Amino acid sequence: MHRITIVGSGFGGLTAVRELRRRGTTAEITLVSPKAEFVFLPSLIWIPSGVRTGRDITLDLAGFFARHGVRHVAASVTGVRDGGRILETTAGEFENDGLIIASGGRFIKKLPGIEHALTLCEGVAAAEKIKARIDAMESGSIAFGFAGNPKDAQAVRGGPMFELMFGVDTYLRRQGKRDRITLKFFSPAPRPGIRLGEKTYNGILRRIKKQGIEIASLGVKLARFEADKVVTEDGEFGADLILFMPGLTGPAWIENTGLPRSEGGMIEADEFARVEGFPRTYVVGDSGHFPDSPDWAPKQAHMADLQAKAAAANLLLELEGLQPEERFRWELICIIDTVDKGIMVYRDARRLILLPASRMFHWAKRFFERHYLKEFRS
């Protein structure tokens, strides 16, 4: 019986499990992650505004693993060797006939004073701390910003920061505190959000202006954070709370493994999501760097799902002695949510569709969350 090991219990890892079983494999599947739980990361934006709690979007995976015949190992990965056939973890070593890496990326936290900022996508604890800080404020200022990886233009996660900023704006208005709390936006990128398309970028700028959010700094390199200010190479501005999303790079454990890495620190893969030079080893999601990707290629859960389906199909082909043939498509689907409304953005190789703010899209985002999590809750 073949042995397949999967790293990570996020979108990519769980989709790989489902696709492998959907295709009928009876292989022994071992999944390695720190906890047997799944956090629906897109809904982190709703925790600071009270629409969701951490318990709402954190699911125990014991039932899912049992139904799909998966052995879960609660551990962190420390390395791979023997061409990917041995996975090294804090719980020991695991041999495999095929490996799918879906461990996600990590934030680049080299900016001096980064400890003064909170990063939403670090998880439930960070989102809950943001909510507590906002709830405790009666006046002052909140700065929202994001940056990228200077060596990988795709390794940026700006969408959630726009959603967080617009959601907090709505939340403060509902609380009657918005006129006493100034919201500021900053980014070292000259046109943050342009990867969503020119129309979307212009629409975001109009929304920022309409909501009275101050653009504090654009296109200027950040120098440091302090407890009460953001300092750039051109000046500084005050902030009682700094909410910042750094750029992404690959997981730390890959550094001494021999796995091929891109200039930005991601694992290099081919068009089949297979790691270059490593037979029967695949990478999906944020930790991968893929060839010929469009300049708007997203780092988002939807792409991790598409890549995981292709990786699962190709791994099964390789295990049968055949060549990979399944390619994933590049597709961006995004609802920029403001707690009460949403802006729909769709993009692929042929078209860009932008639909204006509507309550329908906010509820569509909530419906999708419920639909996606249904299998894990049953």
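Parameters at a glance
- Residues numbered from 1 in each chain as written.
- Predicted model: local features only at pLDDT ≥ 70, side-chain atom pairs only at ≥ 80, totals over all residues.
- Heavy atoms only, no water.
- Helix = DSSP H or I, 4+ residues; strand = E, 2+ residues; numbered from the N terminus.
- Rg over C-alpha atoms; globule rule 2.2 N^0.38 Å.
- Contact = heavy atoms within 4.5 Å.
- Areas by Shrake-Rupley, 256 points an atom, 1.4 Å probe, with all protein chains shown as cover.
- Expected span 1.5 Å × (residues − 1).
- Buried < 20%, exposed > 50% of the residue type's maximum accessible area, 1.4 Å probe, protein only.
- Arc of directions from axis to C-beta.
- Salt bridge = Lys/Arg side-chain N within 4 Å of Asp/Glu carboxyl O.
- Axes fitted to C-alpha atoms, helices over the stretch in contact; angles between N-to-C directions.
- Left-handed = near helix turned anticlockwise from the far one by under 90°.
- Nonpolar A, V, L, I, M, F, W, Y, C, P; charged D, E, K, R; others polar.
- Pairing = 2+ DSSP bridges.
- Right-handed = clockwise from strand over helix to strand, strands pointing away.
- Patch = residues over 30% accessible without salt bridge, like charges linked within 9 Å, V, L, I, M, F, W, Y side chains within 5 Å.
- Lys, Arg positive; Asp, Glu negative; His and termini not counted.
- Charge placed at Lys NZ, Arg CZ, Asp CG, Glu CD.
- Polar contact = N/O pair within 3.5 Å; in protein donor to acceptor, adjacent residues only side chain to side chain.
- Phe/Tyr/Trp six-rings, centres within 6.5 Å; stacked < 30°, edge-to-face > 60°.
- Lys NZ or Arg CZ within 6 Å of the ring centre and 35° of its normal.

What about the overall build of the chain?
Helix and strand content of the chain: eight helices and 25 strands. Here the C-alpha atoms of the chain give a radius of gyration of 21 Å, agreeing with the 21 Å that 2.2 N^0.38 yields for 378 residues. Once the C-alpha set of the chain is aligned to its principal axes, its extents read approximately 65 × 45 × 45 Å. Summarising the internal contacts of the chain: among those between residues at least 6 apart in sequence, 65% fall at separations of at least 24. Carbon and sulfur atoms provide 50% of the accessible area of the chain, an area that totals close to 16,400 Å².

Description of helix H6 (residues 198-210)
The end-to-end C-alpha distance of H6 is 18 Å, a good match for the 18 Å that 13 residues give at a rise of 1.5 Å each. Buried residues of H6: Thr 200, Tyr 201, Gly 203, Ile 204, Arg 207 and Ile 208, and no others. The buried residues of H6 occupy one face: seen down the axis, they fall within an arc of 165°. Those residues of H6 that are exposed and angled more than 90 degrees off the buried face are Lys 199, Arg 206, Lys 209 and Lys 210. The elements touched by buried residues of H6 are helix H5 (159-175), strand S13 (181-187), strand S14 (214-218), strand S23 (332-337), strand S24 (342-347) and strand S25 (352-358). Just downstream of H6 lies Gly 212, where phi reads positive at about 70°.

Side note on the pattern of salt bridges
Scanning all chains against the criterion turns up 25 salt bridges. Note that Arg 224 and Glu 226 form a salt bridge whose closest N and O atoms lie 2.9 Å from each other. The salt bridge involving Asp 270 is made with Arg 274; its shortest N-O contact spans 3.1 Å. Connected via shared salt-bridge partners are Arg 224, Glu 226, Lys 229 and Glu 236.

Let's talk about the packing of helix H4 (residues 124-136) against H5
Their axes nearest at 12 Å, the elements H4 and H5 cross at an angle of 35°. Like other packed secondary-structure pairs, H4 and H5 cross with a definite hand, here right-handed. Contacts between H4 and H5 involve Lys 131, Ile 134 and Asp 135 from the former and Val 168, Tyr 171, Leu 172 and Gln 175 from the latter. Taken together, the residues of the contact of H4 with H5 sort by class into four nonpolar, one polar and two charged.

Here we look at the side chain of His 362
Structurally, His 362 can be placed in helix H8 (residues 359-377). Setting aside residues up to four positions removed in sequence, His 362 forms contacts with Trp 46, Asp 337, Val 339, Asp 340, Lys 341 and Gly 342.

Some thoughts on H5
The terminal C-alpha atoms of H5, which comprises 17 residues, lie 24 Å apart, in line with the 24 Å expected from a rise of 1.5 Å per residue. In terms of burial, H5 is a largely internal element, 13 of the 17 residues being buried. Once H5 ends, the next one or two residues include Gly 176, with phi positive near 80°.

Considering the sheet that holds strand S5 (residues 70-74)
If you walk across this open sheet you meet the five strands as S5-S2-S1-S9-S21, and the pairing is parallel. Across the chains shown, the open sheet's two edge strands, defined by having one partner strand only, are S5 and strand S21 (281-283). Strand-to-strand twist of the sheet, defined as the mean angle between neighbouring strand axes without regard to direction, takes the value 20°. Bridge count between strand S9 (residues 98-101) and S21: three bridges; the pairing is parallel. Paired with Leu 99 across the two strands is Thr 281, which belongs to S21.

Thoughts on the pairing of strand S1 (residues 3-7)
Of all five residues making up S1, four are buried, and the element is well covered by its neighbours. In this fold, S1 hands off to helix H1 (residues 11-22), which returns the chain to strand S2 (residues 28-33); that crossover is right-handed. In terms of strand pairing, S1 meets S9 through four bridges, oriented parallel. Residue pairing for S9: Ile 4 is matched across the bridge by Gly 98.

Notes on a positive patch on the surface
A cluster of basic residues, Arg 174, Lys 210, Lys 341 and Arg 359, forms a positive patch at the surface. In this structure, Arg 174 sits in helix H5. On the basis of relative accessibility, which here comes to 58%, the residue Arg 174 falls in the exposed class.

Details of the side chain of Ser 293
Residue position: Ser 293 is located in the loop between strand S22 (288-289) and helix H7 (301-319). Of note is the side chain of Ser 293, whose polar atom sits 3.3 Å from the backbone oxygen of Phe 290. Apart from residues no more than four positions distant in its own chain, Ser 293 is found in contact with Gln 154 and Trp 330.

Describing the packing of aromatic side chains
Tallied over the full model, the rule gives 21 aromatic pairs. Note on Phe 290 and Trp 330: the rings are 6.2 Å apart at their centroids and 70° apart in plane angle, and the pair reads as edge-to-face. Here Phe 290 is found in the loop between S22 and H7, whereas its partner Trp 330 is found in the loop between H7 and S23, with 40 residues between them in sequence. The exposure class of Phe 290 is buried, given its relative accessible area of 4%. Taking relative accessible area as the criterion, Trp 330 reaches 16% and is therefore assigned buried. Seen in terms of ring centroids, Phe 328 and Trp 330 are 5.3 Å apart; in terms of plane orientation they differ by 80°. Their pairing is edge-to-face. There is no split in this pair, since Phe 328 and Trp 330 are both buried. Each member of the aromatic cluster is reached from another via a ring pair, and the members are Phe 11, Phe 38, Phe 40, Phe 64, Phe 65, Phe 368, Tyr 372 and Phe 376. The ring of Tyr 372 carries Arg 18 above its face, with NZ or CZ at 5.4 Å from the centroid. The ring of Phe 166 is capped by Arg 207, whose NZ or CZ atom sits 5.7 Å from the centre of that ring.

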